[in-house]
Amino acid sequence: MKKKSRCKKILRVLLIWTVISLLIQGGAYSLLNRQVMKLLTPINNGPITLSLQAEIPAVDLENIQISYAKDYLAYMEKGTLKVFNLISGEVVFEKKSPAANDGALGIIAYQWLPDRNTLLYFYARKNPNAVTVAAAVAPTAVAAVPPAAAPVTPPSPAPAVVDPAADKDRDPEDPTATPTPDDPKIPEAAPPAAPPKPVNPQITELYSLELPNSNETDAPEDTFKETIINFPAGGKIANMVFSTPTNLIYITVTSGTAKTLLEINVMGSEAILNRAGEAIDNMAASDRNPTLYIDSQTGTGSQVVAVDVTKRYVVSKNDNDKILGVREGRVYIGEVDKDQLIRIKTAADLVELTDQPSLTTEWEGSLPFDEDTRVLIGVKGQVVVYDYQTASIIMNGELAAVELQGDENYISLDGAELIQLTKKANATLVKLQPLALQPPK
């Protein structure tokens, strides 16, 4: 009895310490997991906004784009890409065109990543090894010989009988020796030469420019990523979006009348996503799922389509519907009729996609909406519709206005920062301030 009681006590103690050990390990793993998640997905307490003024020593600025932390400004000046540090007040990076007289070369597109101070840009230059493929030469025609003039061929003499013993001692270099099919002296017929493959006269490259904190003096890291194989010479990038969940870049390239949708993996692969006869007018990438939403236009009409890896799903068959953007699990679609935005609808941005999901009308009214109109979805779900002088913000079904005071005005991709440019004699004054809503009029 005493032995059984002692065994039970020992087992009870072991069981208690085992449970305590598992609890300690579980707590340690949970704490470690939370720390790792903080590093991988830092807590976002809202968009970064700054209030400051800076003066850029240039007047002709084009394609203004502000960084994620709102402390760097990227722009083009006379064919050169420049990045300006708004805190220190100096240009910290320049990339010139390789050909001053060829506008198709040099920087052709760039965009800040939405979650860090990294600028992706495409750079085009001439291919030094480009060749011209020669046209195939037709064979020369040979005149036919009339049958009556054909010569008579005498019969071939019988082959001589060779003594095997004598053949064994025959000199292999003897010119009178009769070669056999296996004799190495008989040259093999060379395979027909393949025609040279056409070489793209333009090399298009993708670079990643990583900027340090604006108060640091470290040089930016300019890194070559890959060469874009399917980029046509002289092509222009009409749209570019970045998928945060997948690290994929999507660009629409126009070359003449052709439009191509390219999916680029920064690890070194690319794919053409558009179908034959399909034009992609606009697109937006999900910030949660590996889904790309596109305005697909074909000869039969226009549709809003969701592209998920290799599958496609029709989101809307309405010819007037256009994709506006995706933010925090919602897909925003605008209905445009006769250059007027008359309705905003939303659908759920789901992992499991279906054809023609349920659309909810969020707003109805009338706003100018043409090729000069820009639109973005802010971090609070607000739809910002603006041009260089005026802005309208739709949120929770209400329309609000913002007065834009600069000669040119831009809004950050998160919808939180207003960038106003005012031109001076030999410089441009840049004013940054949070985008404040004004009551509806």
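No experiment lies behind these values; they were computed from the predicted model shown.

### Some thoughts on the side chain of E335
Within the secondary structure layout, E335 lies in strand 19 (residues 330-336). At 2.7 Å, the side chain of E335 forms a polar contact with the side chain of R343. A polar side-chain atom of E335 sits 3.4 Å from a polar atom in the side chain of K345. In contact with E335, other than residues within four places in its own chain, are N318, N320, D321, Q340, L341, I342, R343 and K345.

### Notes on the side chain of D414
Summarising the element assignment, D414 is placed in the loop between strand 26 (408-411) and strand 27 (417-423). In this structure D414 touches P47, K70, R327, G378, V379 and Q382, once residues within four positions along its chain are discounted.

### Side note on unusual backbone geometry
One non-glycine residue, K70, adopts positive backbone phi at about 65°. Assignment of secondary structure puts K70 in the loop between strand 2 (62-66) and strand 3 (72-77). What makes K70 buried here is its relative accessible area of 1%. Positioned with a positive phi, Q356 is a non-glycine residue whose angle comes to about 45°.

### Regarding the nonpolar core
If you look at the biggest cluster of nonpolar residues, it comprises 19 residues, and the most contacted ones within it are F122, I237, I249, I251 and I264. Residue assignment for this core shows that the elements contributing at least two residues are strand 6 (106-112), strand 7 (118-126), strand 10 (236-243), strand 11 (248-255) and strand 12 (258-265). In contact with I237, not counting residues within four places along its chain, are I108, A109, F122, F231, I251 and T252. Listed in part, the 16 residues of the second largest apolar core include L61, I66, Y410 and L421.

### Let's talk about the pattern of salt bridges
All told, the structure shown has 14 salt bridges when counted by the stated rule. Here K345 makes a salt bridge to D321, at a shortest N to O gap of 2.9 Å. Of this pair, K345 sits in strand 20 (residues 340-348) while D321 sits in strand 18 (residues 321-327), and the two are 24 residues apart along the sequence. Among the residues examined, K345 registers a relative accessible area of 9% and is labelled buried.

### Describing the sheet that holds strand 10
With respect to topology, four strands assemble into an open sheet ordered 10-11-12-13, the strand pairing being antiparallel. Each edge of the open sheet carries a strand with a single partner, namely strand 10 and strand 13 (269-272). Adjacent strand axes in the sheet meet at a mean angle of 20°, parallel and antiparallel pairs treated alike. Inspection of the sheet shows strand 12 paired to strand 13 by four bridges, in the antiparallel sense. Note on strand 13: the bridge partner recorded for N265 is S269.

### Details of the packing of aromatic side chains
Throughout the structure, instances matching the rule amount to four aromatic pairs. Relative to Y121, the ring of F93 lies with its centre 6.3 Å away and its plane at 45°, an arrangement referred to as tilted. Placement of the pair is F93 in strand 5 (residues 90-95) and Y121 in strand 7, with a sequence separation of 28 residues. What makes F93 buried here is its relative accessible area of 11%. Ring centres of Y121 and Y207 lie 5.2 Å apart, and the angle between their planes is 5°; on these two criteria the pair is classed as stacked.

### Concerning the sheet that holds strand 4 (residues 80-85)
Spatially, the four strands line up as an open sheet ordered 2-3-4-5, and their pairing is antiparallel. Lying at the two open borders of the sheet, with one neighbouring strand each, are strand 2 and strand 5. Each strand of the sheet is rotated relative to its neighbour by a mean of 20°, with strand direction disregarded. Examined bridge by bridge, strand 4 and strand 5 share five bridges and lie antiparallel to one another.

### Thoughts on the pairing of strand 16 (residues 301-308)
Two faces belong to every sheet, and in a regular strand the side chains alternate between them. Buried residues dominate strand 16, accounting for six of its eight residues. Two elements, strand 15 (residues 291-298) and strand 16, share eight bridges in a ladder whose sense is antiparallel. Within strand 16, the position partnered with T291 by the bridge is D308. Hairpin connection, strand 15 to strand 16: the antiparallel pair is bridged by two residues. With five bridges joining them, strand 16 and strand 17 (residues 311-316) adopt antiparallel strand pairing. Note on strand 17: the bridge partner recorded for V304 is S316. Hairpin connection from strand 16 to strand 17: two residues lie between these consecutive antiparallel strands, with V309 at a positive phi of about 60°.

### Remarks on the confidence of the model for the protein chain
Of all residues in the protein chain, 77% have pLDDT values of 70 or greater, and the mean over the chain is 83. Per-element averaging of pLDDT across the protein chain places helix 2 (residues 164-168) at the bottom with 46 and strand 19 at the top with 98. Here residues 32-44 scores under 50 on pLDDT; set against residues more than four positions off or in separate chains, the count is one contact. Across residues 156-170, confidence stays below pLDDT 50; counting only partners more than four residues off in sequence or on other chains, it has three contacts.

### Considerations on the pairing of strand 14 (residues 279-285)
Along strand 14, five of the seven residues are buried, which leaves the element largely enclosed by surrounding structure. Where strand 14 lies against strand 15, five bridges are found, and the strand directions are antiparallel. In the strand pairing of strand 15, A279 is matched with Q297. Counting the residues that bridge the hairpin from strand 14 to strand 15 gives five residues.

What counts as what
- Residues numbered from 1 in each chain as written.
- Predicted model: local features only at pLDDT ≥ 70, side-chain atom pairs only at ≥ 80, totals over all residues.
- Heavy atoms only, no water.
- Helix = DSSP H or I, 4+ residues; strand = E, 2+ residues; numbered from the N terminus.
- Polar contact = N/O pair within 3.5 Å; in protein donor to acceptor, adjacent residues only side chain to side chain.
- Contact = heavy atoms within 4.5 Å.
- Buried < 20%, exposed > 50% of the residue type's maximum accessible area, 1.4 Å probe, protein only.
- Core = buried A, V, L, I, M, F, W, Y, C linked by side-chain atoms within 4.5 Å.
- Salt bridge = Lys/Arg side-chain N within 4 Å of Asp/Glu carboxyl O.
- Pairing = 2+ DSSP bridges.
- Axes fitted to C-alpha atoms, helices over the stretch in contact; angles between N-to-C directions.
- Phe/Tyr/Trp six-rings, centres within 6.5 Å; stacked < 30°, edge-to-face > 60°.
- pLDDT = per-residue confidence, 0-100.

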